[in-house]
Amino acid sequence: MLTRILLTVALAIPTIFFGTPPWEKAPEKWDHADAYRVLQDSPWSPTEVKFDTKSTYRYTDRQTGRVDDSSFNRDLTHPVRGVELTRARMLRPIPVLWWSSRMVRLAQQRLVQLRKPSTATQRLEVPNLPDYVLAMEGDEPLRILAGAAEDLHDTVFLELPDGAILDLQEVRYVEATDDQNARTEFHFPREVDGRSTIDPDTERIIFHCRASAKIPSPYRDNAISLRAEFKPLTMRVRNMPDL
């Protein structure tokens, strides 16, 4: 009997502790914690990105032509920019959001509403977007991506099941305002040749992004190389896909 009671309590703890997920409640009833959970730890905002990077500088030896990273050899010249991948330490997190989902944009609206009580009676409403849009928030990512040395159409894409690739259609840069952070928007087509590009029942899609600043800034990260995994099958509201 005691074992059965303990098991019942253990099974009940997650429900009691975490409560109802925000996406199962009306947005008008969200508090700050609900809105931030949608934006920071939900199917539309995965908390893990893989392969952090930092920019590196190496130099070419005038006499031998060999690339060296020594800063003491006075015969070195011609800096060679590179990207160092590391799995040993985590850099500052870079939020990646599935921006075209209504859930994410409603959460942004709700935060503004909570900060401005005068807007509390306004209806929360967002339009449907013609593209799939993923957004990377922050001034630093925008700085790197807007001035990237690479053509982002070659280094940003969605990896679909069976190794298929959905190419980037357009990049847009949105400056910060009083109500929202700066963000870089990556647009992908919903249809190609009249066919849907993403099956809402797909179990996994991986967003790939790689870029390095054409004009590096000293003492700052000057490269991005990450993968963010999304699970469309879980990105549902009232059992309807929200992509």
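Use the structure listed above.
Nothing here was measured: the structure is a model prediction, and the numbers come from that model. (Residues numbered from 1 in each chain as written. Predicted model: local features only at pLDDT ≥ 70, side-chain atom pairs only at ≥ 80, totals over all residues. Heavy atoms only, no water.)

> Hey, could you go over the environment of Pro 22 for me, with residue numbers and the actual values?
Looking at the element boundaries, Pro 22 is found in the loop between α1 (2–18) and α2 (32–40). Between the C-alpha atom of Pro 22 and that of Ala 33, which follows or precedes it by 11 residues, the distance is 9.0 Å. (Helix = DSSP H or I, 4+ residues; strand = E, 2+ residues; numbered from the N terminus.)

> Which residues make up the pattern of salt bridges, and what are the values?
Evaluated as defined, the whole model comprises eight salt bridges. With a shortest N-O distance of 3.1 Å, Arg 143 and Glu 140 are connected by a salt bridge. Pair noted here: Arg 143 and Glu 140 are both in helix α4 (residues 139–146), with a separation of three residues, about one helical turn. By relative accessible area, which is 25% here, Glu 140 ends up partly exposed. Glu 229 is paired through a salt bridge with Arg 204; the nearest N and O atoms lie 3.7 Å apart. (Salt bridge = Lys/Arg side-chain N within 4 Å of Asp/Glu carboxyl O. Buried < 20%, exposed > 50% of the residue type's maximum accessible area, 1.4 Å probe, protein only.)

> I'd love a proper account of the environment of Lys 231, names of residues and values included.
Summarising the element assignment, Lys 231 is placed in the loop between β14 (223–230) and β15 (236–237). Here Lys 231 falls in the partly exposed class, since its relative accessible area comes to 42%. With 26 residues separating them in the primary sequence, Lys 231 and Ile 205 have C-alpha atoms 6.2 Å apart. Ignoring anything within four residues of it in the chain, the contact list for Lys 231 reads Thr 202 and Glu 203. (Contact = heavy atoms within 4.5 Å.)

> Break down the sheet that holds strand β9 (residues 170–174) for me, with residues and values.
Within the open sheet, the four strands sit side by side as β5-β6-β10-β9. Their pairing is antiparallel. Every interior strand has two partners, whereas the edge strands, β5 (96–97) and β9, have only one. Of the pairings in the sheet, the one linking β5 to strand β6 (residues 132–137) comprises two bridges and is antiparallel in character. When the bridges of β6 are listed, Leu 97 appears paired with Ala 135. (Pairing = 2+ DSSP bridges.)

> How would you summarise the pairing of β14 if you had to cite specific residues and measurements?
The buried fraction of β14 is high, at six of eight residues. Of the strand pairs in this sheet, strand β13 (residues 205–212) and β14 are connected by eight bridges, and their pairing is antiparallel. Among the inter-strand pairings, His 208 is bridged to a residue of β14, identified as Arg 227.

> Mind laying out the packing of aromatic side chains, listing which residues take part and the relevant values?
In this description, an aromatic ring pair is defined by two values, namely the gap between the centres and the angle between the planes. Summed over the entire model, instances satisfying the criterion amount to four aromatic pairs. Between Trp 98 and Tyr 132, the aromatic rings sit 6.1 Å apart at their centres with planes inclined by 70°, giving edge-to-face as the arrangement. With Trp 98 in the loop between β5 and α3 (102–115) and Tyr 132 in strand β6, the pair connects residues that are 34 residues apart, well separated along the chain. The exposure classification of Trp 98 matches that of Tyr 132, with both residues buried. Look at Trp 98 and Phe 230: their rings are 5.1 Å apart centre to centre, the planes differ by 70°, and that puts the pair in the edge-to-face class. With Trp 98 in the loop between β5 and α3 and Phe 230 in strand β14, the pair connects residues that are 132 residues apart, well separated along the chain. Here Trp 98 matches Phe 230 in class, with each residue buried. These aromatic residues form a ring-pair network of at least three members: Trp 98, Tyr 132 and Phe 230. (Phe/Tyr/Trp six-rings, centres within 6.5 Å; stacked < 30°, edge-to-face > 60°.)

Function-wise, these values are silent; they only describe arrangement.
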